[in-house]
Amino acid sequence: MNDKLVIAGKSYASRLLVGTGKYKDFAETKAAIETSGAEIITIAIRRSNIGQNPNEPSLLEILPPSKFTLLPNTAGCYTADDAVRTLRLARELLDGHSLVKLEVLGDPQSLYPNVIETIAAAKTLVAEGFQVMVYTSDDPIIAKQLEDIGCVAIMPLASLIGSGMGILNPWNLQLIMERVQVPVIVDAGVGTASDAAIAMELGCDGVLMNTAIAAAKDPVLMASAMKKGVEAGREAFLAGRMPKKLYSASPSSPTAGIISSTRS
Amino acid sequence: MSTVITVSINGEARQLPSGVTVASLIDEMGLAGKRIALERNGEIVPRSTFAALRLSQNDKLEIVVAVGGG
């Protein structure tokens, strides 16, 4: 079945996008990412003197740009200016690669996005030729504005980053999908495989997650579950589910030819 | 003319020889051959210019690498 995810003109077989943070070590990161089947993986950009051992391999040596589409993020940025600077550095670091993830946070406790700063950053980045996949709230008006600015994917949260609460407002996600033409990828708050399946059953184009896999007791096994969850949800969506009804009066077995009943 | 300049690197003040190039600084920091990006006073410094660019007094540098993140 040819059902590829197309973002900014490029096709991907996997609709599961995975973050590379919070794993125990690089071996676990690599095993989980490979098991997930993800082709697009997010990375963060940080100062070079935060205790890296120069003799250790770096993240990009174990997850190279030749094998994965690396999506630099702006995690930890609270202003449009910082997000823009971070992505300019990321583009230079990745030899001109321009597909990026924009997120501008509003406060460190909830990690909720600051959509006003996000919009400002998106305008600058699109004007500078970046292909922006934008993390945002589930506000359908903001989502449409971000698409109009020229973002190549809209990534609304299911619930707060790292919360594992799953999809709290499927109605808003549906409103976003009705109004936006570019891919809608649920990002943040997925906790387990059924959450990912539900997102795909709603009609989302993909799911991005990090904590759900990294914070599972067995991350590699959860990565496998997530891969299947996303695939199952997508197939169920494409298959067209049966309607929900209060009464069916339509049993699955024939009503004719039932043996006579001893019931009076 | 001073033989030493003070430059801020990733938020820390450092004394460097006057006329030091970006390339020799990167070398001295053990980052040669690593995938990095550098911003000087708010502007990206392309890797192709590292050997030619000399730092100045009070330059503010951010040197970054890719790390794991969501």
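Now for a look at the structure at hand. From a predicted model like this one, the values you see are computed outputs, not experimental measurements. (Residues numbered from 1 in each chain as written. Chains lettered and ligands numbered in written order. Predicted model: local features only at pLDDT ≥ 70, side-chain atom pairs only at ≥ 80, totals over all residues. Heavy atoms only, no water.)

Take the overall build of chain B next. A count of helical and extended segments in chain B gives one helix and five strands. Across chain B, helices and strands are ordered from the amino to the carboxyl terminus as β-β-α-β-β-β. Computed over its C-alpha atoms, the radius of gyration of chain B comes to 12 Å, within 12% of the 11 Å expected for a compact globule of 70 residues. Across its three principal axes, chain B shows a C-alpha extent of roughly 45 × 25 × 20 Å. Out of the 70 residues belonging to chain B, those deemed buried represent 40%. When contacts within chain B are restricted to residue pairs at least 6 apart in sequence, those whose partners lie at least 24 apart make up 49%. (Helix = DSSP H or I, 4+ residues; strand = E, 2+ residues; numbered from the N terminus. Rg over C-alpha atoms; globule rule 2.2 N^0.38 Å. Buried < 20%, exposed > 50% of the residue type's maximum accessible area, 1.4 Å probe, protein only. Contact = heavy atoms within 4.5 Å.)

Below, the discussion takes up the side chain of Ser48 of chain A. By the element assignment, Ser48 of chain A lies in the loop between β4 (40-47) and α2 (59-62). For Ser48 of chain A, the residues in contact, after removing those within four places along its chain, are Asn10, Met29, Leu31, Ile63, Val64 and Val65 of chain B.

Turning to the sheet that holds strand β6 (residues 99-102) of chain A, a few remarks are in order. All names here are of chain A. If you walk across this open sheet you meet the three strands as β6-β7-β8, and the pairing is parallel. The open sheet has two edge strands with one neighbour each: β6 and β8 (153-156). The sheet shows a mean angle of 20° between the axes of neighbouring strands, direction not considered. (Pairing = 2+ DSSP bridges. Axes fitted to C-alpha atoms, helices over the stretch in contact; angles between N-to-C directions.)

What follows is about unusual backbone geometry. Residue and element names in this part refer to chain A. Phi is positive for Ala8, which is not a glycine, with a value near 50°. Secondary-structure assignment places Ala8 in the loop between β1 (5-7) and β2 (10-12). The backbone of Ala188 shows a phi angle near 100°, a positive value even though the residue is not glycine. Following the sequence through the fold, Ala188 ends up in the loop between β9 (185-187) and α7 (193-201).

For Thr86 of chain A, the position within the fold is in helix α3 (residues 80-93). Sequence-distant contacts of Thr86 of chain A, that is, excluding residues within four places in its chain, are made with Ile45, Asn73, Thr74 and Cys77 of chain A.

Next up on the list: the nonpolar core. All names here are of chain A. Judged by nonpolar contacts, the single largest core of 69 residues is most densely connected at Leu102, Leu146, Ile154, Met209, Ile213 and Met226. Counting residues per element, this core draws most heavily on α3, which supplies seven residues. Once residues within four sequence positions are removed from consideration, Met209 is found in contact with Leu16, Leu17, Val18, Gly19, Val190, Ala196 and Met226. (Core = buried A, V, L, I, M, F, W, Y, C linked by side-chain atoms within 4.5 Å.)

Let's shift gears to α3 of chain A. All names here are of chain A. Spanning 14 residues, α3 covers 20 Å between terminal C-alpha atoms, matching the ideal 20 Å at 1.5 Å per step. By the burial criterion, the buried members of α3 are Ala80, Ala83, Val84, Thr86, Leu87, Leu89, Ala90, Glu92 and Leu93. In the segment just after α3, Asp95 is the residue with positive phi, at about 55°. (Expected span 1.5 Å × (residues − 1).)

This brings us to α7 of chain A. Of all the positions in α7 of chain A, only Ala193, Asp195, Ala196, Ala197, Ala199 and Met200 of chain A are classed as buried. One or two residues past the end of α7 of chain A sits Gly203 of chain A, with phi positive at roughly 110°.

With that out of the way, let us pick up the pattern of salt bridges. Residue and element names in this part refer to chain A. Applying the stated criterion across every chain yields a total of 18 salt bridges over all chains. A salt bridge links Arg85 to Asp82; the nearest nitrogen and oxygen atoms lie 3.5 Å apart. With Arg85 and Asp82 both in helix α3 and three residues apart, the pair spans about one turn of that helix. Note that Arg179 is salt-bridged to Glu178, the shortest N-O span being 3.5 Å. Using a relative accessible area of 57% as the deciding quantity, one classes Glu178 as exposed. (Salt bridge = Lys/Arg side-chain N within 4 Å of Asp/Glu carboxyl O.)

Next up on the list: the packing of α7 of chain A against helix α9 (residues 219-239) of chain A. All names here are of chain A. Interhelical geometry of α7 versus α9 gives an angle of 25° and a closest axis separation of 7 Å. The orientation of α7 relative to α9 falls into the category roughly parallel. The handedness of the crossing between α7 and α9 is right-handed. Along its contact with α7, which presents Ala193, Ala196, Ala197, Met200 and Glu201, the element α9 presents Ala225, Met226, Gly229, Val230, Gly233, Arg234, Ala236 and Phe237. Of the residues contributing to the contact of α7 with α9, the split by class is nine nonpolar, two polar and two charged. (Parallel < 35°, antiparallel > 145°, perpendicular 65-115°, else oblique. Left-handed = near helix turned anticlockwise from the far one by under 90°. Nonpolar A, V, L, I, M, F, W, Y, C, P; charged D, E, K, R; others polar.)

This part takes up the pairing of β4 of chain A. Most of β4 of chain A sits out of view: six of its eight residues are buried. Bridge analysis of strand β3 (residues 16-19) of chain A against β4 of chain A gives two bridges, and the strand direction is parallel. When the bridges of β4 of chain A are listed, Val18 of chain A appears paired with Ile41 of chain A. Judged from the four bridges that link them, β4 of chain A and strand β5 (residues 69-72) of chain A form a sheet pairing that is parallel. The residue of β5 of chain A that forms the bridge with Ile40 of chain A is Thr69 of chain A. Two elements, β4 of chain A and strand β5 (residues 60-68) of chain B, share five bridges in a ladder whose sense is antiparallel. By the bridge assignment, Ile43 of chain A is partnered in β5 of chain B with Gly68 of chain B.

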